[in-house]
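Below, each chain spelled out in residue letters.
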Amino acid sequence: MTELSEADRKAFEEWWGINFPFEEYNTKCAARSAWQAALTHARGEQQEPAAWQWRGLKGDTEPTSWMPQVSTARPTWEALVARDPSKYRIEERALYAAPPAEREELARLRAENERLTEALTPSGDTKAAYWGEFSFHREQRVESDDDDDDDAWETVSLSVPWTVIKEIMAAIRARAALAATNPEGN
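Cut-offs applied
Residues numbered from 1 in each chain as written. Predicted model: local features only at pLDDT ≥ 70, side-chain atom pairs only at ≥ 80, totals over all residues. Heavy atoms only, no water. Phe/Tyr/Trp six-rings, centres within 6.5 Å; stacked < 30°, edge-to-face > 60°. Helix = DSSP H or I, 4+ residues; strand = E, 2+ residues; numbered from the N terminus. Buried < 20%, exposed > 50% of the residue type's maximum accessible area, 1.4 Å probe, protein only. Lys NZ or Arg CZ within 6 Å of the ring centre and 35° of its normal. Arc of directions from axis to C-beta. Contact = heavy atoms within 4.5 Å. Pairing = 2+ DSSP bridges. Axes fitted to C-alpha atoms, helices over the stretch in contact; angles between N-to-C directions.

Attention shifts here to the packing of aromatic side chains. The tally for this structure, following the rule as stated, stands at two aromatic pairs. Ring geometry for Trp-77 versus Tyr-88: centroids 5.8 Å apart, planes at 75°, classification edge-to-face. Of this pair, Trp-77 sits in helix α4 (residues 74-83) while Tyr-88 sits in strand β3 (residues 88-95), placing them eleven residues apart in sequence. In this structure Tyr-88 comes out as buried when scored by relative accessible area, which is 13%. Here the basic side chain of Lys-127 rests over the ring of Trp-131, its NZ or CZ set 4.6 Å away from the ring centre.

Okay, structure coming up:
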């Protein structure tokens, strides 16, 4: 079991937001790297990368996707770089374990996205939820039996048709997709 100073233990427990002693957590948690990353973050230290990736570039193009360091294509790219470094290069990046707070935020945002997507996708559930919820009022003439030429008027409430609701949902989805590709709205 890993021993921590009292200050490190307090920082760790505050950062993770746990209410039980570190020792109990340490015995229950099999992922040592997760608590080590949290402790490093709580201390304000630079976190060690969890892994490295690389990709090969020819000029400014990106002919390969990000790959793990142990990829079988790496020696070929290293030979290309050695032969013509002005034309070929290898780019690397470090991968870090996300702190729990960031993972929780990411999970929250994914759940919110799923809820919004479901709410804006026509289905039996959305039809049941929205159909009949929206209406507009219209004045219409009511013929009277009187000999007067003045007909009476009444206000009628009309429900928005489901087809119109689906068109509105599609327009909102299209606008959201446009906003994702063009955040400035131009």
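Another point: α4. For α4, every residue scored as buried is listed here: Arg-74, Trp-77 and Leu-80. Looking down the long axis of α4, one finds its buried residues gathered within 120° of arc, a one-sided arrangement. Of the exposed residues in α4, those oriented more than 90 degrees away from the buried face are Pro-75, Ala-82 and Arg-83. Looking at the buried residues of α4, the elements they touch are β1 (51-58) and β3.

Moving on: the sheet that holds β3. Strand order across the open sheet formed by three strands is β2-β1-β3, with antiparallel pairing between neighbours. Looking along the sheet, the strands with just one partner apiece sit at the ends: β2 (67-68) and β3. Across eight bridges, β1 lies against β3 in antiparallel orientation. Looking at the pairing, Trp-54 lines up with Glu-92 of β3. Across the sheet, α4 is in contact with β1 and β3; its angle to β3 comes to roughly 135°.

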